[in-house]
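The residues making up each chain are set out below.
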Amino acid sequence: MGPVSGDAERLLEQARAGSVPALARLISLVEDGDPRGQEALRILHPHTGRAHLIGVTGPPGAGKSTLVDALIRRVRARGQTVAVAAVDPTSPFTGGAVLGDRIRMQDHATDPGVFIRSMATRGGLGGLAPATADVAKVLDAVGYDLVVIETVGTGQAEVDVVGAADTVVIVLVPGLGDAVQTLKAGILEIGDVFVVNKADRPDADRTATEIRMMLGMAGPRDGWFPPVLLTVATTGQGVDEVRAALEEHRQFLRSRGLLERRRRQRHRADILRILEARLRRRILEGDRRLEEFVEKVAAGEMDPYTAAERLMAQIGSAR
């Protein structure tokens, strides 16, 4: 056993035994692309697949963090453990998460059954940080019952979460514009549960009705018709219904064999992501042939498509 494997196994053992510092260190290694983090992911893979992975997305100001905080309380009351990977904007000064650990969730800081980690997007689009899926695997493997992935809150572009979660919750609020417009650009298609938060505001019922109409026009997805629920997360109103809907959706996925299908799609995406990252790194860091093709394209001797095809051919023949 080499030093990389030894360090990874030690951290995994400590994290699975309940060590929060070990878990935090392990996640940092995964986020940084450290070889020890990659080795840990190899080792922990057989232990994944038990947790319910829940994605929470929606526009800024919808109250996603408040809803997650209220959901944690309900889940803990039932004796289940919860881990949260909260993706925040990247600081232009430090490169870290702007908000740090979510202030609204700090009431759970001393609860050993709750783990909260803020992650910076680090330039990632689609609402997630590049390492979010891998961090979720770590949290799953160390034994948390629910793993909540909360996206950065950039609005309609946040569709990547569907590839990292079993159940996707879309959080909206009255007064943020036409609900029909909000649901465009893929958001309608990825939601499994829709929540109209801050339902004590005017037009909450109207917003929920508009969403239901849009969902009705789209029809059920794989036999599941997403519920539209009203909540006031600050008081806990409606949160029990959200928790129940999450469990109902998971049972639905299991009964139809869809949970396994979603996870197979996730594994496929993981393999492609790793291949793309390694190929890109290999070309950019250790292969001078790229610059040769760049010069030819710049001189008008070759088009970019031909250059890419020939570079791929050369890389393939070199193996």
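The model shown is predicted, which means the values in this text are computed figures rather than measured ones.

Notes on the pairing of strand S1 (residues 52-57)
Next, step 1: For S1, the buried fraction is high: 6 of the 6 residues fall into the buried class.
Next, step 2: Of the two faces of S1, the one lined by His 52, Ile 54 and Val 56 and the one lined by Leu 53, Gly 55 and Thr 57 are each fully buried.
Next, step 3: Here S1 pairs with strand S4 (residues 146-150) via 5 bridges, running parallel. Bridged to His 52 within S4 is Leu 146.

Regarding the side chain of Thr 151
Next, step 1: Note that Thr 151 resides in the loop between S4 and strand S5 (167-172).
Next, step 2: There is a polar contact of 2.9 Å between the side chain of Thr 151 and the side chain of Thr 57.

Here's the deal with unusual backbone geometry
Next, step 1: Even without glycine at this site, Lys 198 takes up a positive phi of about 55°.
Next, step 2: Position of Lys 198 among the secondary structure elements: in the loop between strand S6 (193-196) and helix H8 (204-218).
Next, step 3: Overall, the relative accessible area of 25% leaves Lys 198 in the partly exposed class.
Next, step 4: The phi dihedral of Asp 203 is positive, around 70°, even though this residue is not glycine.
Next, step 5: Its location among the elements puts Asp 203 in the loop between S6 and H8.

Looking at the packing of aromatic side chains
Next, step 1: With the rule as written, the count across this model stands at 2 aromatic pairs.
Next, step 2: Ring geometry for Phe 115 against Tyr 144: centres 6.4 Å apart, planes inclined by 40°, an arrangement best described as tilted. A residue pair is termed long-range when its members are at least 10 positions apart, and Phe 115 in strand S3 (residues 114-120) and Tyr 144 in the loop between helix H5 (132-141) and S4 qualify at 29 residues. Tyr 144 matches Phe 115 in its accessibility class, with the two residues each being buried.
Next, step 3: Here Trp 224 and Phe 252 contribute two aromatic rings whose centre-to-centre distance is 5.3 Å and whose plane-to-plane angle is 50°, an arrangement assigned as tilted. Of this pair, Trp 224 sits in the loop between H8 and strand S7 (228-230) while Phe 252 is found in helix H9 (residues 239-256), placing the two residues 28 residues apart along the sequence. For the pair Trp 224 and Phe 252, one class covers both residues: buried.

Quick word on the nonpolar core
Next, step 1: Grouped together as the largest cluster of nonpolar side chains are 30 residues, with contacts concentrated most on Leu 23, Val 138, Leu 139 and Tyr 144.
Next, step 2: The element contributing the most residues to this core is helix H2 (residues 20-31), with 6 residues.
Next, step 3: Excluding residues that lie within four positions of it along the chain, Tyr 144 makes contacts with Leu 23, Arg 50, Ala 51, Thr 81, Val 82, Ala 83, Gly 113, Phe 115 and Leu 139.
Next, step 4: Val 56, Ala 62, Val 114 and Val 193 belong to the second largest nonpolar core, which has 27 residues in total.

Observations concerning the pattern of salt bridges
Next, step 1: A complete count under the given rule lists 19 salt bridges for this structure.
Next, step 2: With a shortest N-O distance of 3.9 Å, Arg 36 and Asp 7 are connected by a salt bridge. Residue Arg 36 is found in helix H3 (residues 35-44), and its partner Asp 7 is found in helix H1 (residues 3-16); the two are separated by 29 residues along the sequence.
Next, step 3: In this structure, the salt-bridge partner of Glu 39 is Arg 42, at a minimum N-O distance of 3.3 Å. In this pair, Glu 39 and Arg 42 both sit in helix H3, 3 residues apart, roughly one turn of the helix.
Next, step 4: In this structure, a network of salt bridges that share partners links the residues Asp 7, Arg 10, Asp 34 and Arg 36.

Definitions and limits used
- Residues numbered from 1 in each chain as written.
- Predicted model: local features only at pLDDT ≥ 70, side-chain atom pairs only at ≥ 80, totals over all residues.
- Heavy atoms only, no water.
- Buried < 20%, exposed > 50% of the residue type's maximum accessible area, 1.4 Å probe, protein only.
- Helix = DSSP H or I, 4+ residues; strand = E, 2+ residues; numbered from the N terminus.
- Pairing = 2+ DSSP bridges.
- Polar contact = N/O pair within 3.5 Å; in protein donor to acceptor, adjacent residues only side chain to side chain.
- Phe/Tyr/Trp six-rings, centres within 6.5 Å; stacked < 30°, edge-to-face > 60°.
- Core = buried A, V, L, I, M, F, W, Y, C linked by side-chain atoms within 4.5 Å.
- Contact = heavy atoms within 4.5 Å.
- Salt bridge = Lys/Arg side-chain N within 4 Å of Asp/Glu carboxyl O.

The values are spatial; any link to function lies outside them.
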